[in-house]
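Chains, contacts and geometry: an overview
Next come the chains, spelled out residue by residue.
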Amino acid sequence: MRDRYSAAIENQITEKNANQVKAKILCEGANGPTTWQADAIIDSKGIFTVPDILGNAGGVTVSYFEWVQDRQGFFWRESEVNERLFDVMDNAFDEVVRFAEKHKVNNRMPPTCWPSTESRAPLSFAAFMPSAIAF
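This text gives an overview of the structure that appears in the document. In this text, all values refer to a predicted model and were calculated from it rather than measured experimentally.

Overview of the overall build of the protein chain
Across its full length, the protein chain holds four helices and two strands. Beginning at the N terminus, the succession of helices and strands in the protein chain can be written as β-α-β-α-α-α. A buried classification covers 34% of the 135 residues belonging to the protein chain. The contacts in the protein chain between residues at least 6 apart in sequence include a share of 48% that link residues at least 24 apart. Here the protein chain displays about 9000 Å² of accessible surface, and carbon together with sulfur accounts for 53% of that area.

This is the structure:
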């Protein structure tokens, strides 16, 4: 698939087009962009998937931060919002990866995330920040 934003609309990756996906990492930016039938194809191709519950959680998290600030009657600096967001997303990413590994769900980690081929250190949200995920 040539469309870099296919995962940003619901039901865009299906069993009819999943074989065309050439990505190493698929970040689901919408609710349900990949059908359950396509999930099996994506998984068999070894594509690491950041699920929709994580891929679009940054905006929801910042909306919560705005609500908290309004309730408290003061506002955080942008750097503080970004730091808090990173902490929440880093923890959420770790939890999702742990769950996927435990339940053997799309647990193929992209090799570029590991420090070396001999070391399998824990995968981190930070590994994706420069190249894959923007919130």
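Some thoughts on the environment of Ala 92
Note on placement: Ala 92 falls in helix 4 (residues 78-102). Residues Ala 92 and Ala 57, 35 residues apart in the sequence, show an inter-C-alpha distance of 9.3 Å.

Considerations on the layout of surface pockets
Where empty space is left can be seen by rolling a probe of water-molecule size over the atoms. Empty space within the second largest pocket amounts to approximately 340 Å³. Lining the second largest pocket are 21 residues, and of these Thr 49, Pro 51, Ala 100, Val 105 and Asn 106 lie nearest its centre. Top element by residues in the lining of the second largest pocket is helix 4. It accounts for five residues. Partitioning the lining of the second largest pocket into residue classes produces 13 nonpolar, four polar and four charged.

Examining the side chain of Thr 35
When you line up the elements, Thr 35 lands in the loop between strand 1 (25-27) and helix 1 (36-44). Thr 35 gets classed as buried once you look at its relative accessible area, which sits at 12%.

Structural notes on the side chain of Thr 14
As for its position among the elements, Thr 14 is in the segment before strand 1. The contact partners of Thr 14, leaving out residues within four places of it in the chain, are Thr 35 and Ala 38.

A short note on the environment of Arg 84
Looking at the element boundaries, Arg 84 is found in helix 4. Residue classification places Arg 84 among the partly exposed positions, given a relative accessible area of 35%. In the structure, Arg 84 is positioned 23 residues away from Thr 61 in sequence and 9.5 Å away in space, judged by C-alpha atoms. When sequence neighbours within four positions are dropped, the list of residues in contact with Arg 84 reads Phe 65 and Trp 76.

Structural notes on unusual backbone geometry
Among all residues save glycine, negative phi is the norm, and among peptide bonds the norm is trans. Although it is not a glycine, Asn 11 sits at a positive phi angle of roughly 55 degrees. In this structure, Asn 11 sits in the segment before strand 1.

Observations concerning the packing of aromatic side chains
Going through the model one piece at a time under the given rule, you end up with four aromatic pairs. Taking the centre distance of 6.3 Å and the plane angle of 55 degrees together, the rings of Phe 48 and Phe 93 count as tilted. Of this pair, Phe 48 sits in strand 2 (residues 48-50) while Phe 93 is found in helix 4, placing the two residues 45 residues apart along the sequence. Of the residues examined, Phe 48 reaches a relative accessible area of 4% and is grouped as buried. Exposure remark for Phe 93: the relative accessible area of 1% places this residue in the buried category. Measuring from ring centre to ring centre gives 6.2 Å for Tyr 64 and Phe 65, while their planes differ by 55 degrees; the resulting arrangement is tilted. Relative accessible area serves as the criterion here: at 47%, Tyr 64 is assigned to the partly exposed category. Geometry around Trp 76 places Arg 84 over its ring, the cationic atom sitting 4.0 Å from the centre.

Conventions and cut-offs
- Residues numbered from 1 in each chain as written.
- Predicted model: local features only at pLDDT ≥ 70, side-chain atom pairs only at ≥ 80, totals over all residues.
- Heavy atoms only, no water.
- Helix = DSSP H or I, 4+ residues; strand = E, 2+ residues; numbered from the N terminus.
- Buried < 20%, exposed > 50% of the residue type's maximum accessible area, 1.4 Å probe, protein only.
- Contact = heavy atoms within 4.5 Å.
- Areas by Shrake-Rupley, 256 points an atom, 1.4 Å probe, with all protein chains shown as cover.
- 1 Å grid on protein atoms, 1.4 Å probe; cavity = no way out; pocket = protein on both sides within 12 Å on 5 of 7 lines; lining within 4 Å.
- Points joined across faces, edges and corners; volume = space filled by probe spheres on them.
- Nonpolar A, V, L, I, M, F, W, Y, C, P; charged D, E, K, R; others polar.
- Phe/Tyr/Trp six-rings, centres within 6.5 Å; stacked < 30°, edge-to-face > 60°.
- Lys NZ or Arg CZ within 6 Å of the ring centre and 35° of its normal.

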